[in-house]
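# Examination of the molecular architecture
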Amino acid sequence: MRVLGIEGTAWCASAALYDAETDSVLIESDPYEPDSGGIHPREAAEHMSEAIPEVVDRVLTAAEAEHGPDAVDAVAFSRGPGLGPCLRIVGTAARSLAGTLDVPLVGVNHMVAHLEIGRHRSGFDNPVCLNASGANAHLLGFHDGRYRVLGETMDAGVGNAIDKFTRHVGWSHPGGPKVEAAAAEYTSEAEADADGADLLDLPYVVKGMDFSFSGISSAANDAADAGVPTGEICFSLQEHVFAMLTEVAERALSLTGADELVLGGGVAQNDRLREMLAAMCDARDADFHAPEPRFLRDNAGMIAVLGAKMAAAGDTLPIAESAVDPNFRPDQVPVTWRSGESVARVPGDTGANSGGAPTADHRGAEATVTVDGDGGDSRVIKRRVPKSYRHPELDRTLRRDRTVAEARLTSEARRAGVPTPLVYEVDLPAGTLTLQHVGERDLAAALDERWTEAVGRHLGRLHGAGIVHGDPTTRNVRVGSSGAGDAETDGESSDAADAGPSARPDAASRTYLIDFGLGFHTGHVEDHAMDLHVFEGSVRATATDPEPLIAAFEAGYEATGDGEVLDRLRDVANRGRYR
Ligand SMILES: C[C@@H](O)[C@H](NC(=O)OP(=O)(O)OC[C@H]1O[C@@H](n2cnc3c(N)ncnc32)[C@H](O)[C@@H]1O)C(=O)O
Ligand SMILES: Nc1ncnc2c1ncn2[C@@H]1O[C@H](COP(=O)(O)OP(=O)(O)OP(=O)(O)O)[C@@H](O)[C@H]1O
Ligand SMILES: [Fe+2]
């Protein structure tokens, strides 16, 4: 099969021919380069209307010269997300070409194409994908026939966050490559001076597997206004932004149990980002793949490759249903072209997750946990391990701040009536905490409504005390009896699950929140809503039937928390980031 793909969501007018038999891809692209400022939608659309016919013609001519008049078996196009005026031009071109050639039309989600090209080129079976593009930044994992969004930016896309700074200092679009070059120059000069590079302290915002860039863009602009050398800002911006992306990617691997990561999107052309992700994967024995640059930035090759897979699965579009969608989310796409296992598997029965074997080691995304002792007085020793991908100074600060926050907030939450482990010892130089061993297993391994209801109650109470957890995933909740004399077996717990939430009035007292390292004090409704969003995201990423679990969770929150937070949660979840 040979598929002609067309891309034109924002800046890159591109056409490609993918030949599935030889696995070869011909790409012809014509970028829009704004004279000043960022991308202007009207100018971009004008560019598309001139450039799309030209790139399509070049590809079609080459295809027909080689394969004759029946060179193309299907036409695939980027249906969204992207700028509406650009998408409409691409849609019209694709419909008319499919009509002229009398071949089927395939509507491709641009973000899923960024992911699938990495899966295709790597040969990986079931990777987590980090999309690091201009207008987006998110982590995707396959589960039950769809790509779930495991984590994403809460505001700007990663490229846009960097470009915002470069516009501020008067550099032309796109800014990403210029930041990379300036950072490289700064570090090589700093090394020559023997002083070493200075790392500016910039906001580092990770909430579960979600993250935010708005603070860091503004802080970088302020630093420029205050006269900090531009090279130092570029270097520091990269170190912070890419460490955030690498950290959430590691969390996604840890949460899902996946051992493959693929990278996509224009920002993925950055060497430092790829270096960090490769180092992170190496440290946890995961495989990492980033396709070659022509497949990373926006291009029609990825559209043609996914288009061929969709066409082979019979996933084509009647013309009447082929409207474009500027807000097309990757999790809306029914994944018709692949079968097989979900990436998100419930963490198994190893290490501390089993809650059983004492002295077992568990490696989370951040820390190693060793269980010491047996029975009611067993303890866990948690050590935040240095991350080699991160700048050493940033690494030290993060590990120290999180250890301090965890010790303090674990105890404060307990005083507010939320079950948490007792904190026995804090050793800051060693980066270790000694905590009471609580619960029998992680909630991730025992998802049922009585526990999620209890988590809702606990978060309501925690927020009432002005504390957010910061990372309330199903891996950071322990459930089941703690200590001797109240042993609960697997059999009993599943009987209780069948009987529904009301069968366990004591569930709340045996549901423990752990891992407060990302927590902080705040009375802001938005921060409280983010906690709920993170919890619900982790349930959706791993549960086969998440809705009843989420309904129970929200009912629990309603019983102890503030209704305004639940209202805000709808806003957070519905916020479109694809405009
Ligand atoms: C919806 C679609 O239109 C959009 N496309 C898009 O964002 O173009 P993409 O090619 O994936 O990414 C462009 C971004 O990639 C950044 N970029 C390019 N080279 C870079 C580099 N070496 N380092 C950092 N950023 C880089 C640019 O500054 C720009 O912000 C998207 O995929 O989100
Ligand atoms: N106090 C505790 N009692 C029982 N088990 C615990 C305790 N603390 C940690 N664990 C176990 O160790 C695992 C990892 O701990 P923790 O979440 O604190 O570290 P982490 O590195 O941040 O992990 P993750 O990235 O998975 O959240 C938990 O999922 C849990 O199974
Ligand atoms: Fe893109």
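Thresholds applied
- Residues numbered from 1 in each chain as written.
- Chains lettered and ligands numbered in written order.
- Predicted model: local features only at pLDDT ≥ 70, side-chain atom pairs only at ≥ 80, totals over all residues.
- Heavy atoms only, no water.
- Axes fitted to C-alpha atoms, helices over the stretch in contact; angles between N-to-C directions.
- Helix = DSSP H or I, 4+ residues; strand = E, 2+ residues; numbered from the N terminus.
- Left-handed = near helix turned anticlockwise from the far one by under 90°.
- Contact = heavy atoms within 4.5 Å.
- Pairing = 2+ DSSP bridges.
- Salt bridge = Lys/Arg side-chain N within 4 Å of Asp/Glu carboxyl O.
- Buried < 20%, exposed > 50% of the residue type's maximum accessible area, 1.4 Å probe, protein only.
- Donors = N, O, S within 2.8 Å, 3.2 Å for Na, K, Ca; no water.
- Tetrahedral: all angles 85-135°; square planar, octahedral: opposite > 155°, others 65-115°.
- UniProt positions renumbered as here; feature names shortened; annotations may be inferred.
- Near = heavy atom within 4 Å.
- Polar contact = N/O pair within 3.5 Å; in protein donor to acceptor, adjacent residues only side chain to side chain.
- Areas by Shrake-Rupley, 256 points an atom, 1.4 Å probe, with all protein chains shown as cover.
- Patch = residues over 30% accessible without salt bridge, like charges linked within 9 Å, V, L, I, M, F, W, Y side chains within 5 Å.
- Lys, Arg positive; Asp, Glu negative; His and termini not counted.
- Charge placed at Lys NZ, Arg CZ, Asp CG, Glu CD.
- Nonpolar A, V, L, I, M, F, W, Y, C, P; charged D, E, K, R; others polar.
- Domains from an automatic or database assignment.

## Focus on the packing of helix α7 (residues 230–256) against helix α8 (residues 271–283)
Across the interface, α7 lies against α8 with an axial gap of 9 Å and an inter-helix angle of 35°. As for the relative orientation of α7 and α8, their crossing is right-handed in sense. Between α7 and α8, the contacting residues are Gln238, Glu239, Phe242, Ala243, Leu245, Thr246, Ala249, Glu250 and Leu253 on the first element and Arg272, Leu273, Met276, Leu277, Met280 and Cys281 on the second.

## Some thoughts on the sheet that holds strand β3 (residues 24–31)
Two strands in a sheet stick together by hydrogen bonds in their backbones, pointing the same way (parallel) or opposite ways (antiparallel). Pairing is mixed in the open sheet, where 5 strands are placed in the order β3-β2-β1-β4-β5. Edge positions in the open sheet fall to β3 and β5 (105–109), since each of these has one partner strand only. Strand-to-strand twist in this sheet, taken as the mean axis angle between neighbours without regard to direction, amounts to 20°. Bridge analysis of strand β2 (residues 12–19) against β3 gives 8 bridges, and the strand direction is antiparallel.

## Here's the deal with the pattern of salt bridges
Counted by the stated rule, this structure contains 36 salt bridges. Arg272 serves as the salt-bridge partner of Glu239, at 2.8 Å between the closest nitrogen and oxygen. Residue Glu239 is located in helix α7, and its partner Arg272 is located in helix α8; the two are separated by 33 residues in the primary sequence. The exposure class assigned to Glu239 is buried, which follows from its relative accessible area of 5%.

## Overview of the coordination of the iron ion (ligand 3)
His110 (NE2), His114 (NE2) and Asp298 (OD) make up the full set of protein donors to the iron ion (ligand 3), lying at 2.0 to 2.1 Å. Around the iron ion (ligand 3), the 4 donor atoms sit at angles spanning 92 to 144°, and that spread fits a shape best called irregular. With relative accessibility at 0%, the residue His114 sits in the buried group. Under the relative-accessibility criterion, Asp298 is labelled buried at 10%.

## Regarding the UniProt feature "binding site: L-threonylcarbamoyladenylate" (unreviewed entry) in the protein
UniProt tags Asn131, Ala132, Ser133, Gly134, Ala135, Asp163, Gly176, Glu180 and Asn270 as "binding site: L-threonylcarbamoyladenylate" (unreviewed entry). Secondary-structure assignment places Gly134 in the loop between β6 (128–132) and β7 (137–143). When neighbours within four sequence positions are excluded, Gly134 is seen to be in contact with Gly157, Val158, Gly159 and Asn160. With respect to the secondary-structure elements, Asn270 resides in the loop between β11 (260–264) and α8. Judged by relative accessible area, which is 5%, Asn270 ranks as buried. The residues contacting Asn270, other than those within four sequence positions of it, are Glu180, Gln238 and Phe242.

## Considerations on the site of ligand 2
In the vicinity of ligand 2, 21 residues are found, and the nearest of them are Ala367, Lys382, Asp442, Asn476 and Asp515. With respect to ligand 2, the backbone of Ala367 contributes an N or O atom lying 2.7 Å from an oxygen atom. Taking Asn476, its side chain carries an N or O atom lying 2.7 Å from an oxygen atom of ligand 2. When the free accessible area of ligand 2 is taken as 600 Å², the share hidden by the protein chains comes to 97%. Every element with two or more residues in the shell around ligand 2 is listed here: β14 (367–372) and β15 (379–384).

## Details of a negative patch on the surface
Taken together, the side chains of Glu185, Glu189, Asp193, Asp195, Asp198, Asp201 and Glu393 define an acidic patch exposed on the protein surface. As for its placement among the helices and strands, Glu185 is situated in helix α5 (residues 176–192).

## A short note on the site of ligand 1
Around ligand 1, 25 residues are found, and the nearest of them are Thr9, Gly134, Asn136, Asp163 and Asp298. Contacts to ligand 1 include Gly266, whose backbone N or O atom sits 2.9 Å from an oxygen atom. In the complex, 93% of the free accessible area of ligand 1, which totals 680 Å², lies under the protein chains. Among the elements of the structure, α3 (110–122), α4 (158–168) and α5 are those that each provide at least two residues to the shell around ligand 1. Of the residues in the shell around ligand 1, the class split is 8 nonpolar, 13 polar and 4 charged. Two domains each put at least three residues into the shell around ligand 1: domain 1 (2–117 + 295–332) and domain 2 (122–293).

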